[in-house]
Amino acid sequence: MAKRYPWAVVAASIFAVAWGGNEFTPLLTMYRLDHGFSDFVVDVLLFAYVLGIVPGLLLGGPLSDRFGRRVLMLPAPLFAIAGSAVLAAGSSHAAVLFGGRVLSGISIGLAMAVGGSWLTELSRAPYDRKAYASAGPRRVAMSLTAGFALGAGAAGALAQWGPWPSVTAYLVHIAITAAAFIPLLAVPETRSGIPDHIRKAPLHADLKIPSAGHRRFWLLIVPLAPWVFGAAASAYAVLPNLMTEHSAGAPIAFAALLCLLALGCGFGIQALGRRIDRPGTARGVITAFILLVIAMPFAALAAATLSVPLVLLAACLLGAGYGMALVSGLLEVQRIATPDDLAGLNAVFYSLSYLGFAVPAMMALGVRVVSYPVMFLGGGVIAALCLVLVVFGSRIAPAQSLKASRARAST
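Residues numbered from 1 in each chain as written. Predicted model: local features only at pLDDT ≥ 70, side-chain atom pairs only at ≥ 80, totals over all residues. Heavy atoms only, no water.

Within an unreviewed UniProt entry, the label attached to the protein reads Major facilitator family permease, and the organism entered is Hoyosella subflava. As recorded by UniProt, the Subcellular location (unreviewed entry) comment attached to the protein reads in full: "Cell membrane". (UniProt positions renumbered as here; feature names shortened; annotations may be inferred.)

And the structure:
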């Protein structure tokens, strides 16, 4: 498998790490109801793994451009296993859970920036001669989303109806990640011919990502990125909290259902991403914002009525916005980046994306001043303004200018 379909082996490992990154999300309800944590504390625990993700992304990505993908990606599943083990051991202690979430975050950061770049490179010749040009980013997005969705779904079901609610889900993840790790050891390195000027440069030079200065990155990717997980977190962290008393006596399972619906819709639209996206345009990014502009009023209505059908619909729309934002952002990053800073630019994109995980905690504080429906409507207004910005930004910095800007940078 590793020799014939090396991209699939890396995809499986990314899937397993993503499973562990999101298995915690439907369990927020369990920690709140069964362990007595406040809404704010559980939202902080949700956000905690961003503290591991950001250094994993910003250090792992650029360093893998210098030292190769294998050496930086192989630790990711091990951090994921350690994170699940700590979470299983510390179910009643917020500080221990915080530490486990940070370990999970480091694994996600490495998997996204390093594993995502490795998978993208393995989806090209000579490793995969039949893949479309957009196959790499699409495979990365779908591997992550499938792991996020199935990890949340399995964890929620096990916590609601299985034995040892605070432990079993983590043990299942450890087994899956260990199984995916073994074949990863045989996957070939794709950065074996790293130029001497990169290897001999000072280590701090790895943190410089020239492509991040491109106008298209600032006008399209920067406005888009926080919406990736801002939309997802709204669907599977904020809405389940509001529906705790309206979920037919199974609040943990209902939270898992919202995760599955949101991420399932995200996965589905990512499969269509190649047809929606068009090189030379901003169609993918614009489509993502259109979905978000539609989703936010539905989320506001769902929060106001607490109607199960409306909440399910809002989760689906938010998930579609998440999925399109993720895949279109990755496709734009692939076009903007050079081979020597692909992982670094992926890292910047993901770091900006994970700022969206602060949304539940911010809304938990904001509800003291304004209601959840009003905050969702405000989000719709902000999404509409971002849509206007990217429409104009795509005209100011057309994709055709990328080649010229790279030529100027190399001289």
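### Some words on the overall build of the protein
When helices and strands are tallied, the protein shows 19 helices and zero strands. Here the C-alpha coordinates of the protein stretch approximately 60 × 45 × 35 Å along the principal axes. Put simply, the protein has 411 residues, and 58% of those count as buried. In the protein, 85% of the contacts between residues at least 6 apart in sequence involve partners at least 24 apart. (Helix = DSSP H or I, 4+ residues; strand = E, 2+ residues; numbered from the N terminus. Buried < 20%, exposed > 50% of the residue type's maximum accessible area, 1.4 Å probe, protein only. Contact = heavy atoms within 4.5 Å.)

### Describing the domain arrangement of the protein
Quite often, the size of an interface is put as the accessible area lost when its parts meet. Partitioning the protein into domains gives domain 1 (1-208) and domain 2 (209-410). The C-alpha-based centres of domain 1 and domain 2 are spaced at 20 Å. On the side of domain 2, 46 residues touch domain 1, which itself brings 59 residues to the contact. Across the domain 1 to domain 2 interface the summed buried area is about 4,300 Å²; carbon plus sulfur atoms make up 69%. Among the residues of domain 1 in contact with domain 2, M142, T145 and Q160 are the three that bury the most area, contributing 12% of the side total. On the surface where domain 1 and domain 2 come into contact, there are zero salt bridges. On inspection of domain 1 and its partner domain 2, the count reaches 10 residue pairs in polar contact (both at pLDDT 80 or more). If you list the elements that add at least two residues to the side of domain 1 that touches domain 2, you get α2 (28-34), α3 (39-48), α4 (50-67), α7 (94-122), α8 (135-161) and α10 (196-199). With 18 residues, α8 is the single largest residue contributor to the side of domain 1 that touches domain 2. (Domains from an automatic or database assignment. Buried area = accessible area lost by both parts, 1.4 Å probe. Salt bridge = Lys/Arg side-chain N within 4 Å of Asp/Glu carboxyl O. Polar contact = N/O pair within 3.5 Å; in protein donor to acceptor, adjacent residues only side chain to side chain.)

### Let's talk about the packing of aromatic side chains
Taken as a whole, this structure holds 12 aromatic pairs when the rule is applied. A centroid spacing of 5.2 Å and a plane angle of 25 degrees characterise the contact between F24 and Y31, whose relative ring orientation is stacked. A relative accessible area of 0% means that Y31 is categorised as buried. Ring centres of Y49 and Y354 lie 5.7 Å apart, and the angle between their planes is 90 degrees; this geometry places the pair in the edge-to-face category. Taken together, the residues Y49 in the loop between α3 and α4 and Y354 in the loop between α16 (342-353) and α17 (359-366) connect sequence positions 305 residues apart. Overall, Y49 belongs to the buried group, its relative accessible area being 1%. Judged by relative accessible area, Y354 falls into the buried class, the value being 0%. It is R139 that lies over the ring of W7; its NZ or CZ is 3.7 Å from the centre. (Phe/Tyr/Trp six-rings, centres within 6.5 Å; stacked < 30°, edge-to-face > 60°. Lys NZ or Arg CZ within 6 Å of the ring centre and 35° of its normal.)

### Observations regarding the pattern of salt bridges
One pass over the full model with this rule turns up seven salt bridges. Note that D65 and R69 form a salt bridge whose closest N and O atoms lie 2.8 Å from each other. The class for R69 is buried, based on a relative accessible area of 0%. In this structure, D277 engages R335 in a salt bridge whose closest nitrogen and oxygen atoms are separated by 2.2 Å. Placement of the pair is D277 in the loop between α13 (273-276) and α14 (283-305) and R335 in helix α15 (residues 308-336), with a sequence separation of 58 residues. Accessibility expressed as a relative area gives 5% for D277, which makes it buried. The class of R335 is buried, set by a relative accessible area of 18%.

### What to know about helix α11 (residues 215-242)
With 28 residues, α11 extends 40 Å between its outermost C-alpha atoms, agreeing within 8% with the 40 Å of an ideal straight helix rising 1.5 Å per residue. A bend of about 40 degrees at I221 is the largest found in α11, and the proline P223 appears one to four places after it. Within α11, 22 of the 28 residues are buried, leaving the element largely enclosed by the surrounding structure. (Expected span 1.5 Å × (residues − 1). Bend = angle between axes of the 7 residues up to and from the residue.)

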